[in-house]
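Breakdown of the fold
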Amino acid sequence: ASDASDSPSEKFEYQAEVSRLMDLIVNSLYSNKEVFLRELISNASDALDKLRFLGVTEPELLKDAVDLDIRIQTDKENGIITITDSGIGMTRQELVDCLGTIAQSGTAKFLKALKDSKDAGADSNLIGQFGVGFYSAFLVSERVEVSTKSPKSDKQYVWVGEANSSTYTIREETDPAKQLPRGTRLTLYLKRDDKGYAHPERVEKLVKNYSQFVSFPIYTWQEKGFTKEVEVDEDPAEA
Ligand SMILES: CCNC(=O)[C@H]1O[C@@H](n2cnc3c(N)nc(I)nc32)[C@H](O)[C@@H]1O
């Protein structure tokens, strides 16, 4: 929760289409909540891809030499999941453009596709195709924080959204303990009935089921520090 020491935050209204889209996603995927982790890992992977691609022509983007990976930390006592990527990160304006607004055409197309889709399964795949998977975080979270640092900006910002709210806030991240060299850290404060997702073995199972083809290493935080989550198939010759 934001305490007094936080930097001042600015409040924004979601663009109307976004509010409608969030309600639609939460209602249509209610029976398939576990897809949230696949969608958020997919966004993290896209952010790492963007960085790798841009790094080819703009090597200075890679100046903060941190490994390109995705780290998932669970806090089962408090029902919190953290997903951190060392991707390109977002500027303050990008937070507004990417999370507070959506191209009208995108929503209309998504709505039509949703109507045409037959079963719930199709719905969950549709949100990935339309790049709107971020909002699936609100299937299981009462509050989502997106702390992000882009090499294009000298400041780190925190976007905060609450379930069933028509507004979100953005403030500068000034807490020294929360600084990122680059990339994005999502903090999911899980709903009372969904705190079970904050168990490491459940996260591991979801990562194995849904995200085995991500082209970056995914680490889950255990008590004993980060361990490699996705087995790399041993070369039989070396096994
Ligand atoms: C419709 C919701 N919008 C998004 O999910 C967009 O937000 C941005 N986004 C979401 N998670 C992100 C992430 N982890 N890193 C970066 I860079 N951008 C991210 C991307 O531009 C997504 O297309």
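Bear in mind that the values here come from a model prediction, so they are computed numbers and not experimental data.

Things to note about the overall build of the protein
Counting its secondary structure elements, the protein contains 7 helices and 9 strands. Looking at the 239 residues of the protein, the share that counts as buried comes to 49%. Within the protein, counting contacts between residues at least 6 apart in sequence, those at least 24 apart form 71% of the total. On the protein, roughly 12,300 Å² of surface is accessible, and the fraction owed to carbon and sulfur atoms is 52%.

Points about the pattern of salt bridges
A full pass over the atoms with the stated rule returns 10 salt bridges. The salt bridge involving Arg38 is made with Glu39; its shortest N-O contact spans 2.8 Å. Looking at Arg38, the relative accessible area reads 16%, which means it is buried. Linked by salt bridges that have partners in common, Arg143, Glu145 and Glu162 make up one network.

Some remarks on the site of the ligand
The environment of the ligand is made up of 14 residues, and the closest members are Ala47, Asp85, Ile88, Cys98 and Phe134. In this structure, a nitrogen atom belonging to the ligand sits 2.8 Å away from a main-chain N or O atom of Cys98. Relative to its unbound accessible area of 520 Å², the ligand is 85% covered by the protein chains. Spatially, the ligand is embedded in the largest pocket. Among the secondary structure elements, those contributing two or more residues to the shell around the ligand are α2 (35-57) and α3 (92-100). Among the residues forming the shell around the ligand, the class breakdown is 8 nonpolar, 4 polar and 2 charged.

Things to note about the side chain of Thr82
Residue placement: Thr82 occurs in strand β3 (residues 80-85). We classify Thr82 as buried; its relative accessible area is 12%. Apart from residues no more than four positions distant in its own chain, Thr82 is found in contact with Arg71, Ile72, Gln73, Arg185, Leu186 and Thr187.

Some words on the layout of surface pockets
The computed volume of the largest pocket comes to approximately 640 Å³. For the largest pocket, the lining is made up of 29 residues, of which Asn43, Lys50, Met90, Cys98 and Leu99 are closest to its centre. Listed by contribution, the elements that provide at least two residues to the lining of the largest pocket are α2, β3, α3 and β7 (183-190). For the lining of the largest pocket, the element with the highest residue contribution is α2, accounting for 9 residues. Looking at the lining of the largest pocket residue by residue, the classes come out as 15 nonpolar, 8 polar and 6 charged. Along the wall of the second largest pocket there are 14 residues; nearest its centre are Thr82, Lys178, Arg185, Thr187 and Tyr189. Of all the elements in the fold, those that place two or more residues in the lining of the second largest pocket are β2 (70-75), β3, β4 (141-149) and β7. If one sorts the elements of the lining of the second largest pocket by residue count, β7 sits on top with 3 residues. Tallied by class, residues from the lining of the second largest pocket come to 4 nonpolar, 4 polar and 6 charged.

As for the confidence of the model for the protein
Mean pLDDT over the protein works out to 88, with 88% of the residues at or above the 70 mark. Two summary scores accompany this predicted model of the complex, namely pTM at 0.90 and ipTM at 0.99.

A look at the pairing of strand β6 (residues 167-172)
Among the 6 residues of β6, 5 are classified as buried, and the element is accordingly described as predominantly covered. When strand β1 (residues 9-13) meets β6, the two strands line up antiparallel, connected through 5 bridges. What sits directly across from Ser9, in β6, is Arg171. For strand β5 (residues 156-162) and β6, the ladder comprises 5 bridges, and the chain directions are antiparallel. In the strand pairing of β6, Gly161 is matched with Tyr168. Here β5 folds back onto β6, and the loop between the two strands holds 4 residues, one of which, Asn164, carries a positive phi near 60°.

Criteria and thresholds
Residues numbered from 1 in each chain as written. Predicted model: local features only at pLDDT ≥ 70, side-chain atom pairs only at ≥ 80, totals over all residues. Heavy atoms only, no water. Helix = DSSP H or I, 4+ residues; strand = E, 2+ residues; numbered from the N terminus. Buried < 20%, exposed > 50% of the residue type's maximum accessible area, 1.4 Å probe, protein only. Contact = heavy atoms within 4.5 Å. Areas by Shrake-Rupley, 256 points an atom, 1.4 Å probe, with all protein chains shown as cover. Salt bridge = Lys/Arg side-chain N within 4 Å of Asp/Glu carboxyl O. Near = heavy atom within 4 Å. Polar contact = N/O pair within 3.5 Å; in protein donor to acceptor, adjacent residues only side chain to side chain. 1 Å grid on protein atoms, 1.4 Å probe; cavity = no way out; pocket = protein on both sides within 12 Å on 5 of 7 lines; lining within 4 Å. Sits in = over half its atoms within 2 Å of the grid points. Nonpolar A, V, L, I, M, F, W, Y, C, P; charged D, E, K, R; others polar. Points joined across faces, edges and corners; volume = space filled by probe spheres on them. pLDDT = per-residue confidence, 0-100. Pairing = 2+ DSSP bridges.

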